[in-house]
Amino acid sequence: MRLLNTSHGRKGGDADAVSACVAALTAHGLVTTRMDAAVTALRAIAPHRDDLVAIRTQTVNRLDGALTRLIPAGAPRGLSADRAAEMLRPGASPRGRWQNTSRAGGRSGR
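Predicted model only: the values in this text are computed from it and were never measured.

What counts, and where the lines are drawn
- Residues numbered from 1 in each chain as written.
- Predicted model: local features only at pLDDT ≥ 70, side-chain atom pairs only at ≥ 80, totals over all residues.
- Heavy atoms only, no water.
- Helix = DSSP H or I, 4+ residues; strand = E, 2+ residues; numbered from the N terminus.
- Buried < 20%, exposed > 50% of the residue type's maximum accessible area, 1.4 Å probe, protein only.
- Contact = heavy atoms within 4.5 Å.
- Areas by Shrake-Rupley, 256 points an atom, 1.4 Å probe, with all protein chains shown as cover.
- 1 Å grid on protein atoms, 1.4 Å probe; cavity = no way out; pocket = protein on both sides within 12 Å on 5 of 7 lines; lining within 4 Å.
- Points joined across faces, edges and corners; volume = space filled by probe spheres on them.
- Nonpolar A, V, L, I, M, F, W, Y, C, P; charged D, E, K, R; others polar.
- Salt bridge = Lys/Arg side-chain N within 4 Å of Asp/Glu carboxyl O.
- pLDDT = per-residue confidence, 0-100.
- Expected span 1.5 Å × (residues − 1).
- Bend = angle between axes of the 7 residues up to and from the residue.
- Arc of directions from axis to C-beta.

Description of the overall build of the chain
Step number 1: Looking only at helices and strands, the chain has four helices and zero strands in total.
Step number 2: Ordered by position from N to C terminus, the α and β elements of the chain give α-α-α-α.
Step number 3: By residue count, 13% of the 110 residues in the chain fall in the buried class.
Step number 4: Within the chain, contacts between residues separated by at least 24 positions form 22% of all contacts whose residues are at least 6 apart in sequence.
Step number 5: Surface accessibility of the chain: about 9,400 Å² in total, with carbon and sulfur atoms responsible for 57%.

Digging into the layout of surface pockets
Step number 1: By volume, the largest pocket amounts to about 240 Å³.
Step number 2: Forming the walls of the largest pocket are 14 residues, and the residues nearest its centre are Val60, Leu63, Asp64, Leu67 and Leu79.
Step number 3: Sorting the residues of the lining of the largest pocket by element identifies α2 (37–70) and α3 (81–88) as the ones contributing at least two each.
Step number 4: The residue inventory of the lining of the largest pocket, partitioned by class, reads eight nonpolar, two polar and four charged.

Things to note about the pattern of salt bridges
Step number 1: This model, assessed by the stated rule, comprises one salt bridge.
Step number 2: Close ionic contact of Arg83 with Glu86 constitutes a salt bridge, the shortest N to O distance being 2.8 Å. Remark: Glu86 and Arg83 occur in helix α3; sequence separation between them is three residues, near one turn of the helix.
Step number 3: A relative accessible area of 9% means that Arg83 is categorised as buried.

Observations concerning the confidence of the model for the chain
Close inspection of predicted coordinates is inappropriate for parts of the model with low pLDDT.
Step number 1: With 72% of its residues at a pLDDT of 70 or more, the chain shows a mean pLDDT of 76.
Step number 2: The low-confidence segment residues 95–110 (pLDDT under 50) makes 34 contacts with residues lying over four places distant or belonging to another chain.

Regarding α2
Step number 1: The terminal C-alpha atoms of α2 lie 50 Å apart, and with 34 residues this matches the ideal 50 Å at 1.5 Å per residue to within 8%.
Step number 2: Where α2 bends most, at Ile45, the angle is about 30 degrees, and the proline Pro47 comes one to four residues later.

Here we look at α3
Step number 1: All buried positions along α3 are accounted for by Arg83, Ala84 and Met87. The buried residues of α3 occupy an angular sector of 100 degrees when the element is viewed end-on, so they sit on one face. Opposite the buried face of α3, at more than 90 degrees from it, the exposed residues are Ala81 and Asp82.

A few points about the environment of Ala81
Step number 1: Along the chain, Ala81 falls in helix α3.
Step number 2: Classification of Ala81 by relative accessible area gives exposed; the value is 64%.
Step number 3: Once the C-alpha coordinates of Ala81 and Leu63 are considered, the two residues, 18 residues apart in sequence, prove to be 9.7 Å apart.

Below, the structure written as structure tokens:
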């Protein structure tokens with residue numbers, strides 16, 4: 001049997017993969033494992049979660065771009081959806097837009 005590559009964490013070569021497969025196929029008494037149902041379910045939904053996170057990030061970035069174009073000096077960080085709607089209402093004063101935008105008590109601009 002050939003010794004597998006021990007090159008300090010770097011990927012092994014094709015020969016290592018072949019050797020591992022041959023060892024697995026020719027060994028006697030190996031225990032066959034089965035995939036747990038919970039692992040299977042998590043593997044099925046993980047890509048969907050990744051898609052949802054990407055869509056949320058894209059939506060937040062689009063909202064930020066729109067607010068930057070619509071509000072002089074842009075919008076403050078940590079803006080909630082309710083606060084953004086309030087800032088975009090017709091007749092909202094520019095001064096009132098910056099009051100109470102953070103938990104620390106508000107800012108007077110960027």
